[in-house]
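# Chains, contacts and geometry: an overview
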Amino acid sequence: MTQQPTRAQQLLGELAPKMVQLTDDVLFGDVWRREGLSPRDRSLITVSVLAATYRPDQLNSHLRLAMQNGVTKDELVEALTHVAFYAGWPSGMGALVQLKAIVADAAE
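Structural notes, computed from the coordinates. (Residues numbered from 1 in each chain as written. Predicted model: local features only at pLDDT ≥ 70, side-chain atom pairs only at ≥ 80, totals over all residues. Heavy atoms only, no water.)

Let's shift gears to the packing of aromatic side chains. Evaluation of the coordinates by the stated rule reveals two aromatic pairs. Centroid distance F28 to W32: 5.6 Å. Interplanar angle 25°. Geometry classified as stacked. For F28, a relative accessible area of 29% corresponds to the partly exposed category. Measuring from centroid to centroid gives 5.2 Å for F85 and W89, while their planes differ by 85°, and the two rings are edge-to-face. With relative accessibility at 59%, the residue F85 sits in the exposed group. (Phe/Tyr/Trp six-rings, centres within 6.5 Å; stacked < 30°, edge-to-face > 60°. Buried < 20%, exposed > 50% of the residue type's maximum accessible area, 1.4 Å probe, protein only.)

Once that is clear, we can look at the packing of helix α3 (residues 39-52) against helix α4 (residues 56-68). Where α3 contacts α4, the axes come no closer than 9 Å and their chain directions differ by 155°. It follows that α3 is roughly antiparallel to α4 by the angle criterion. Here the hand of the crossing between α3 and α4 comes out left-handed. Along its contact with α3, which presents S43, T46, V47, L50 and A51, the element α4 presents Q58, L59, H62, L63, L65 and A66. (Axes fitted to C-alpha atoms, helices over the stretch in contact; angles between N-to-C directions. Helix = DSSP H or I, 4+ residues; strand = E, 2+ residues; numbered from the N terminus. Parallel < 35°, antiparallel > 145°, perpendicular 65-115°, else oblique. Left-handed = near helix turned anticlockwise from the far one by under 90°. Contact = heavy atoms within 4.5 Å.)

Okay, structure coming up:
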């Protein structure tokens, strides 16, 4: 059975094999699997940081991952509304617009 390429492999292909390896093995293979926080909690933190630092490309996939990890739409809305007051209105609004599109896609 052929293994599906990881998201890092899909994004970078052969362009940056070391970055793919670090992403797959260190970030998602080690950091995300540490016992100190659940994947759900890590997702909520990651979404908040990505929204606060206005990283829309990364935020898109992490919003989806957060929902897979059990963070509800309502919890994401609340977290992103909270982010808007600390990181700036455009960051919060932009993230909420992305979430709205993801939720709409999932409903189809």
